[in-house]
Amino acid sequence: AKQPPWSKCLLRVMAIGLNRQEAEQEQAAMQLLLQKLRISAEVQVVSLEMAEDTEGDSSNHAEVLAQFQKIGQLIRATAPGSLLVVVSLPVPPVKLDPMTYMKWLDALSANCAAPVLLVRGSNRDVLTILS
């Protein structure tokens, strides 16, 4: 059978943890899931050391924006030559102003050479080992 054209492409998965410990757990879980699904990928994890309450304080909003800018820089640094960048969107805090959230998302995708596809799930697993 003929192999699909993307079979020789490098897949890089970047996961985000809210702190260093969560980032390490996320990396281990992601590597295990990819291994069970027989997906060959490089896993990178970014730790977001952000404040717990991001709903009301404007200084926290600036801090979170700075974190999203760092992740955007990391995406741009690791994605040269990429044909597509897919970013799973973080769940916004319930009381967060939509314009603030859009600023955060813009920081993720700003100045990226490749098209950026922003996806958002329902926080339920839809792809499992048993699928």
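The structure we're discussing is the one just above.
So, a few notes on the structure that sits alongside this text. (Residues numbered from 1 in each chain as written. Predicted model: local features only at pLDDT ≥ 70, side-chain atom pairs only at ≥ 80, totals over all residues. Heavy atoms only, no water.)

### Structural notes on the pairing of strand 4 (residues 116–119)
Relative to strand 4, strand 3 (residues 85–88) runs parallel, the two being bridged by 4 bridges. Paired with V87 across the strands is L118, a residue of strand 4. After leaving strand 3, the chain enters helix 3 (residues 98–109) and then returns to the sheet as strand 4, a path that is right-handed. (Pairing = 2+ DSSP bridges. Helix = DSSP H or I, 4+ residues; strand = E, 2+ residues; numbered from the N terminus. Right-handed = clockwise from strand over helix to strand, strands pointing away.)

### Examining helix 1 (residues 20–36)
An α-helical turn contains 3.6 residues, so a residue and the one three or four places further along point in the same direction. Taking 1.5 Å per residue as the helical rise, helix 1 with its 17 residues ought to reach 24 Å, and the 24 Å between its terminal C-alpha atoms agrees with that figure. Inspection of helix 1 places A23, M30 and L34 among the buried residues, and these make up the whole buried set. The arc that holds the buried residues of helix 1, viewed along the axis, is 30 degrees, so those residues lie on one side. In helix 1, the exposed positions that point more than 90 degrees away from the buried face belong to Q21, E24 and Q35. Looking one or two residues past helix 1, R38 carries a phi angle of roughly 55 degrees, positive in sign. (Expected span 1.5 Å × (residues − 1). Buried < 20%, exposed > 50% of the residue type's maximum accessible area, 1.4 Å probe, protein only. Arc of directions from axis to C-beta.)

### Details of the pattern of salt bridges
Per the stated rule, a full pass over the model turns up 1 salt bridge. With a shortest N-O distance of 3.4 Å, R12 and E42 are connected by a salt bridge. With R12 in strand 1 (residues 12–17) and E42 in strand 2 (residues 42–47), this residue pair connects regions lying 30 residues apart in the sequence. Note on E42: relative accessible area 33%, which makes it partly exposed. (Salt bridge = Lys/Arg side-chain N within 4 Å of Asp/Glu carboxyl O.)

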